[in-house]
Amino acid sequence: MLIERLSDIERINGLEEKFQKMTGIEPFNVSSWTVSEGFKKKFLQCFHPPDAGNAVDYVYTYSFTEELRNRALIKLGVRAEDVDAAMLLVLPNNTIAIVNTVNLLKLCGYRKVCIVNPAYFSVSQTLRSMGISFSTVSMERHNGKYSLPMNQIQSGDFDVVWITSPVFSTGVYLETTEIEKIKTLLKQGYVVVADESFALPGRELVREIGIHQNFLSICSPHKSISCNGIKFSGMITSEEYEDILEQWVDVLCGNLPLSSHLALLHFLSDNFDKCCKVFLAEMKAARRAIQPLLEGIHHTTDWPSAGSLLTLYFDNVPFAYTKKDTFFLDLMKNTYSSILPGWLNGFGPDTNLCFRVNLALDGILLRQSLARIVRYLESL
């Protein structure tokens, strides 16, 4: 069975190729997960990873010393006094972390998961493949802020709630009131999984929630600063799951690539902090540059957002229209640009058209494309 989201992306890519063949112009996709050459150059000038050892020996998550893992836990936000009660599972990437998390839910006998959209597409696919029942609910958005739909969650016969922080593709972090809702769910016996792969260092939920037997966080510090070639994903949870996770990781992941070992060491170095500063400065400059381009009466965005992603919302473009090939082809004909619409990430019809913008693409092409896109969509 094919995966609808990936098929839809292939369809959009095919339309972009069709447009390029017709016009000789490749449409610039403002939602792409790549980065600009300018950003890449500045980042790599700063990026100096340490020596991670040889490329021959096996390395597993349990190969790291307790001292090294404790340092990583603390830098990921675990309080020093809670380190002995915590465990860190080091994995190559967020996708494999999701697989190991879902497997843990299955082994522990959890029955039904509430996925709070928007969310990464592989969560539902992994639950489905492992035979765990799930349903989706949507975050509620008001004035550029998101809130958890507690009534839907608590009335849905769920025992697990899967959230994404920051809200997927928006860069919007949960406010204190929402974190208190998570604490309430934990007190009521729900398991809460937080996919925080885009959470910037210092914004991890474990800093507010602490270590709890029903709370599991998935972090990926390098991913959050748009470094994807060298990265690791860290699962943080209670130490009571250590044995089961470290045994099953051999089945579901195997040994770590050298790049993940290197990424963990780099994360603990001062150079990671320097790279993070460069990233944040570049994203701040990108936001400042595009903000004047995002003017109009039919669209909004979430200016409290942070990081490389933000989402634009157009109230005048019907949701159903954005599902059609003609929408994308007309967009390309009028703007020489393309997007990945929010419905790929779980945004529902109540948002009409929305799409994410990758600020790590900043440069003349992104700015010109955004100006044309906004002008065209505002005119519909």
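Because the structure is predicted, anything quoted here is derived from the model rather than measured.

K.L.:
Explain the nonpolar core to me, please; I cannot follow it from the model alone.
P.N.:
For soluble globular proteins, the rule of thumb is that nonpolar side chains tend to be buried together. Formed by 97 residues in total, the largest nonpolar core has its most connected members in V116, I163, I182, L312, I339, F355 and L377. Excluding its chain neighbours within four sequence positions, the residues that come into contact with F355 are V30, S31, L310, T311, L312, F314, I339, L340, P341, G342, I373 and L377. One finds L89, I115, V160 and V193 within the second-largest nonpolar core, a separate group that totals 25 residues.

K.L.:
For this particular structure, what's the right way to read the pattern of salt bridges?
P.N.:
One side chain can pair with another of opposite charge once the charged atoms of both are near each other. Applying the stated criterion to the full structure yields 18 salt bridges. Residue E175 is joined to K145 by a salt bridge in which the shortest nitrogen-to-oxygen separation is 3.6 Å. You can see E175 sitting in the loop between β7 (160–164) and α7 (176–187) and its partner K145 sitting in strand β6 (residues 145–147), a full 30 residues away along the chain. For E175, a relative accessible area of 37% gives the class partly exposed. In this structure K145 comes out as partly exposed when scored by relative accessible area, which is 41%. In this structure, K181 engages E178 in a salt bridge whose closest nitrogen and oxygen atoms are separated by 3.2 Å. Here K181 pairs with E178, and both are found in helix α7, just three residues apart, close to one helical turn. Through salt bridges with shared partners, a single network forms among D8, R11 and D325.

K.L.:
Looking at this structure, I do not really get a negative patch on the surface. What am I missing?
P.N.:
There is a patch of like negative charges on the surface, built from E66, D84, E239, E240 and D243. Within the element layout of this structure, E66 appears in helix α3 (residues 66–75).

K.L.:
How do you make sense of a nonpolar patch on the surface when you look at a structure like this?
P.N.:
Taken together, the side chains of L107, W248 and V251 make up a nonpolar region of the molecular surface, amounting to roughly 270 Å² of accessible area. Relative to the helices and strands, W248 resides in helix α10 (residues 242–252).

K.L.:
Got a minute to help me understand α7 in this structure?
P.N.:
Because the α-helix completes a turn every 3.6 residues, residues three or four places apart line up on one side. With twelve residues, α7 extends 17 Å from end C-alpha to end C-alpha; this agrees with the ideal 16 Å at 1.5 Å per step. Buried residues of α7: E178, I179, I182, L185 and L186, and no others. Looking straight down α7, one finds its buried side chains confined to an arc of 110°; they lie on one side. Exposed residues pointing more than 90 degrees away from the buried face of α7 are listed as T176, T177 and K187. Those residues of α7 that are buried are in contact with β6, α6 (150–154), β7, β8 (191–196), α8 (206–209) and β9 (215–219).

K.L.:
Mind showing me how you'd approach the packing of α3 against helix α11 (residues 258–267) here?
P.N.:
At their nearest, the axes of α3 and α11 sit 10 Å apart, and the two run at 60° to each other. Judged by the angle between their axes, α3 and α11 are oblique. At the point where α3 passes α11, the crossing takes the left-handed sense. Of the residues in α11, those in contact with L68, A72 and K75 of α3 are L264, L265 and F267. Split into classes, the residues belonging to the contact of α3 with α11 amount to five nonpolar, no polar and one charged.

K.L.:
It is not clear to me how unusual backbone geometry should be interpreted in this structure. Could you clarify?
P.N.:
The bulk of non-glycine residues show a negative phi, and the bulk of peptide bonds are trans. The amide bond that connects N117 to the next residue, P118, takes the cis arrangement and shows omega of 0°. If you trace the backbone, P118 turns up in the loop between β3 (112–117) and α5 (121–129). That bond from S165 to P166 is cis: its omega, 0°, falls within 30 degrees of zero. Mapped onto the fold, P166 is located in the loop between β7 and α7. Notably, N143 is not glycine yet its phi reads approximately 55°, a positive angle.

K.L.:
Just checking my understanding: could you explain the sheet that holds strand β12 (residues 309–314) for this structure?
P.N.:
Hydrogen bonds between backbone atoms are what pair the strands of a sheet, whose relative direction is either parallel or antiparallel. Strands sit in the order β11-β12-β14 across an open sheet of three strands; the sheet is antiparallel. Each edge of the open sheet is held by one strand with a lone partner, namely β11 (299–301) and β14 (353–358). Direction aside, neighbouring strands of the sheet carry axes that sit 25° apart on average. The pairing of β11 with β12 spans three bridges and is antiparallel. Of the residues in β12, the one forming a bridge with T300 is Y313. Along the sheet, helix α14 (residues 364–378) contacts β11, β12 and β14; its crossing angle with β14, the most-contacted strand, is approximately 170°.

K.L.:
Got a minute to help me understand the pairing of β8 in this structure?
P.N.:
As a general feature of sheets, a regular strand has side chains that alternate between the two faces. Counting buried positions along β8 gives six out of six residues, so the element sits mostly inside the fold. The pairing of β7 with β8 spans five bridges and is parallel. Counted as the bridge partner of T164 is D195 from β8. This β-α-β element, β7 to α7 to β8, shows right-handed connectivity. As judged from the five bridges shared by β8 and β9, these two strands associate in the parallel manner. Across the sheet, the residue bridging to V193 is L216, located in β9.

K.L.:
What is the right way to look at the sheet that holds strand β2 (residues 86–91) in this model?
P.N.:
The strand order across the open sheet built from seven strands is β2-β10-β9-β8-β7-β3-β4, with neighbouring strands paired in mixed fashion. Every other strand in the sheet has two partners, leaving β2 and β4 (133–138) as the edge strands with one partner each. Shown here is a sheet whose adjacent strand axes are inclined to one another by a mean of 20°, direction ignored. In terms of strand pairing, β9 meets strand β10 (residues 233–238) through three bridges, oriented antiparallel. Paired with C219 across the two strands is G234, which belongs to β10. Where α7 meets the sheet, its contacts fall on β7, β8 and β9, and the angle it forms with β8 comes to roughly 145°.

The rules we used
- Residues numbered from 1 in each chain as written.
- Predicted model: local features only at pLDDT ≥ 70, side-chain atom pairs only at ≥ 80, totals over all residues.
- Heavy atoms only, no water.
- Core = buried A, V, L, I, M, F, W, Y, C linked by side-chain atoms within 4.5 Å.
- Buried < 20%, exposed > 50% of the residue type's maximum accessible area, 1.4 Å probe, protein only.
- Contact = heavy atoms within 4.5 Å.
- Salt bridge = Lys/Arg side-chain N within 4 Å of Asp/Glu carboxyl O.
- Helix = DSSP H or I, 4+ residues; strand = E, 2+ residues; numbered from the N terminus.
- Patch = residues over 30% accessible without salt bridge, like charges linked within 9 Å, V, L, I, M, F, W, Y side chains within 5 Å.
- Areas by Shrake-Rupley, 256 points an atom, 1.4 Å probe, with all protein chains shown as cover.
- Lys, Arg positive; Asp, Glu negative; His and termini not counted.
- Charge placed at Lys NZ, Arg CZ, Asp CG, Glu CD.
- Expected span 1.5 Å × (residues − 1).
- Arc of directions from axis to C-beta.
- Axes fitted to C-alpha atoms, helices over the stretch in contact; angles between N-to-C directions.
- Parallel < 35°, antiparallel > 145°, perpendicular 65-115°, else oblique.
- Left-handed = near helix turned anticlockwise from the far one by under 90°.
- Nonpolar A, V, L, I, M, F, W, Y, C, P; charged D, E, K, R; others polar.
- Pairing = 2+ DSSP bridges.
- Right-handed = clockwise from strand over helix to strand, strands pointing away.

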